[in-house]
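Architecture and fold: a report
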Amino acid sequence: MSISMRKLKTLYKRDIVDYLRTPSIAVCSLMPLLFIIFYKNIGVPNAAGNETEFLLNFGMMLNSTMCAIMIPSTTISEEKEKFTLRTLMLSNVNAMEFFLSKILMTTTITFLGNLVAFILAGADTVQLPAYIISTLFGNSCVIVLSAVIGILSRDQMSCSVIQIPVMLLFLMPPMFAEASKVLEMLAKVVPYGAMLQLFYQLRGPMKAAKIASACGVLTVWLVVSVVLFAYFYKKKGTDN
Amino acid sequence: MKEMIYLNEVCLDFGTSFSLDHLTFQVMPGEIFGFLGPSGAGKTTTMKLLTKQLHKKSGSIRILGKDIEKAERSDYDKIGILTDTNGLYERMSIESNLKFFAELKGIKEEDVTDVLRKVRLYDDRKTILKKCSKGMRQRALLAAAVLHRPELLFLDEPTSGLDPATIQEIHKMLLDMNQNGTTIFLTTHNMEEADKLCGRICILNQGKIIASGSPEQLKLQFAQDKIEVMTTEKEKIVLTKGPESAEFIGRLLSADKCLTIHSIEPNLEEIFLQLTGREF
């Protein structure tokens, strides 16, 4: 399946402009930043001098779960609901161009969101490269999985029914890891947990085994997401 | 001359009581070809097969002279499609929508202005789509489908639910496009529309083609053996063709009492009723 760069660029531009015009999606990507500002002002309870760490992790968590899941799936399901996806397909836009545009749009937004979160949290710029690598890698598998949710949804309503459990599945284990061994174990295998592990390792001191383990988890998620995407796309690609 | 559309023994089965059953027809370049039938006959299903939204079970389909499965992407750049499940972006204006599709298709901005004028939406081009009437949306969708001056245009009930004035505008536009070389494949359950626009039609019922030909050919084929005469006293007399009727008409003409003489030809809806025993 060939990709036309002209079409991809046109789709991407439109998606970015539409994102700015859609309050529900635009607000979702502001939420991590607003939370960071909020906690910065009221103080982080039990932070014990690790306020910056907490704020950075919190922003990363919300961006990689809430934003990365909501944005592509909601926009794809809206296009299905309003029949604009069909119009695009009938205008000789292929599926790869369409989904790549959504994925790139979300990657851009979550990348910028993470960057602003990093600045707002007041983290040391020495950590920035590690932060960018780990968030880009971590978010990529969640974004592709979110595209799968978009394919499976008939409309925005059914999309939110699928989004919420997935968000909770990815959010709860890392948030409550200290409360139980099971949640602690699950926290290591959800994308955010693996992303956090990778970030900690990349910023030093590095331990090869832990880096490999984190990369392995994220790679498995990415491969599973891509396979699911290809499978469901083939299944839902035509009306029969 | 290669056919623009060629179907041979095409079957499709949804597991319902009827399906597309050995459809065979072709559409030649420069034609406006009508695909008629009541709701549920299989018109939209056929359209979806031709535009690759559905896969056939058996038979062969060629579009622009190429097997549909082997058609390249560049072939689909020559095709415009308007179905009843097309949509445009509601948060964008008519003009922005068309500029977006123009950019996708590699069309210049000047062509967008041209098409907006043709569909009579130039004055409303800045209107956000969600504030547009149904007629305006349909014209905007048609504009998006014809921006790139396609060689082959698929239209699935393009005037369904529109007012007569809008329908007339769309008909004029389609006839102009056809005069400029666009082949049009049109599905409709509006017999008058088919009669007005189409050079050839197929009538579909329960997945099968039950009649095909030009509207005039079909009317003559199913014409009754009757003549209707209106006298100067506004009296309508129906006569069976024959020497006695000829003599009677001759007497009326001699006495200058004959106002009009017409052969009685059925319209397409009556033809359908004759063929199927049911109404549209």
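Residues numbered from 1 in each chain as written. Chains lettered and ligands numbered in written order. Predicted model: local features only at pLDDT ≥ 70, side-chain atom pairs only at ≥ 80, totals over all residues. Heavy atoms only, no water.

If you check an unreviewed UniProt entry, chain B appears there as ABC transporter ATP-binding protein from Bariatricus massiliensis.

The name an unreviewed UniProt entry gives chain A is ABC transporter permease, with Bariatricus massiliensis as the organism. The record held by UniProt for chain A lists under Subcellular location (unreviewed entry) the comment "Membrane". (UniProt positions renumbered as here; feature names shortened; annotations may be inferred.)

Residues and elements named next belong to chain B. Strand order across the open sheet formed by 4 strands is β2-β1-β4-β5, with antiparallel pairing between neighbours. Looking at the sheet topology across the chains shown, the edges are occupied by β2 (20-27) and β5 (66-67). Pairing of strand β4 (residues 58-63) with β5 involves 2 bridges; the strand directions are antiparallel. By the bridge assignment for β5, R62 is matched with D67. In this fold helix α1 (residues 43-50) packs onto β1 (5-12), β2 and β4, with an angle of close to 115 degrees to the strand it touches most, β1. (Pairing = 2+ DSSP bridges. Helix = DSSP H or I, 4+ residues; strand = E, 2+ residues; numbered from the N terminus. Contact = heavy atoms within 4.5 Å. Axes fitted to C-alpha atoms, helices over the stretch in contact; angles between N-to-C directions.)

As a further point, take helix α10 (residues 268-276) of chain B. Residue and element names in this part refer to chain B. Along α10, the residues classified as buried are L268, I271 and F272. Down the axis of α10, the smallest arc covering the buried residues is 100 degrees, so these residues share one side. Buried residues belonging to α10 abut β3 (32-36), α7 (191-197), β9 (200-205), β10 (208-213) and α8 (215-221). Here α10 starts with a cap whose side-chain oxygen sits 3.1 Å from the backbone nitrogen of E269, and that cap is N267. Positive phi appears at G277, one or two residues downstream of α10, with a value of about 75 degrees. (Buried < 20%, exposed > 50% of the residue type's maximum accessible area, 1.4 Å probe, protein only. Arc of directions from axis to C-beta. Polar contact = N/O pair within 3.5 Å; in protein donor to acceptor, adjacent residues only side chain to side chain.)

A few words now on the interface of chain A and chain B. Counting residues at the interface gives 28 residues for chain A, matched by 27 residues for chain B. Contact between chain A and chain B buries roughly 2,600 Å² in total, counting both sides, with carbon and sulfur atoms accounting for 51%. The tally of links from chain A across to chain B stands at 4 salt bridges. Note that E97 of chain A and R73 of chain B form a salt bridge whose closest N and O atoms lie 2.7 Å from each other. Connecting chain A to chain B are 14 residue pairs in polar contact (both at pLDDT 80 or more). The leading source of residues in the side of chain A that touches chain B is helix α1 (residues 5-21) of chain A, at 8 residues. Residues of the side of chain A that touches chain B, tallied by class, amount to 5 nonpolar, 11 polar and 12 charged. (Buried area = accessible area lost by both parts, 1.4 Å probe. Salt bridge = Lys/Arg side-chain N within 4 Å of Asp/Glu carboxyl O. Nonpolar A, V, L, I, M, F, W, Y, C, P; charged D, E, K, R; others polar.)

What follows deals with the packing of helix α6 (residues 128-152) of chain A against helix α10 (residues 208-236) of chain A. All names here are of chain A. Running from amino to carboxyl end, α6 crosses α10 at an angle of 20 degrees, the nearest separation of the two axes being 9 Å. Here α10 runs roughly parallel to α6, going by the angle between their axes. Two packed elements cross with a definite hand, and for α6 against α10 that hand is left-handed. The segment α6 lies against α10, with F137, G138, S140, C141, V144, L145, A147, V148, I151 and L152 engaging C215, L218, T219, W221, L222, S225, V226, L228, F229, F232, Y233 and K236. The residue makeup of the contact of α6 with α10, split by class, is 17 nonpolar, 4 polar and 1 charged. (Parallel < 35°, antiparallel > 145°, perpendicular 65-115°, else oblique. Left-handed = near helix turned anticlockwise from the far one by under 90°.)

In this section: the confidence of the model for chain B. Residues of chain B with pLDDT of at least 70 account for 98%, and the chain-wide mean is 89. Predicted complex metrics record ipTM = 0.87 and pTM = 0.86. (pLDDT = per-residue confidence, 0-100.)

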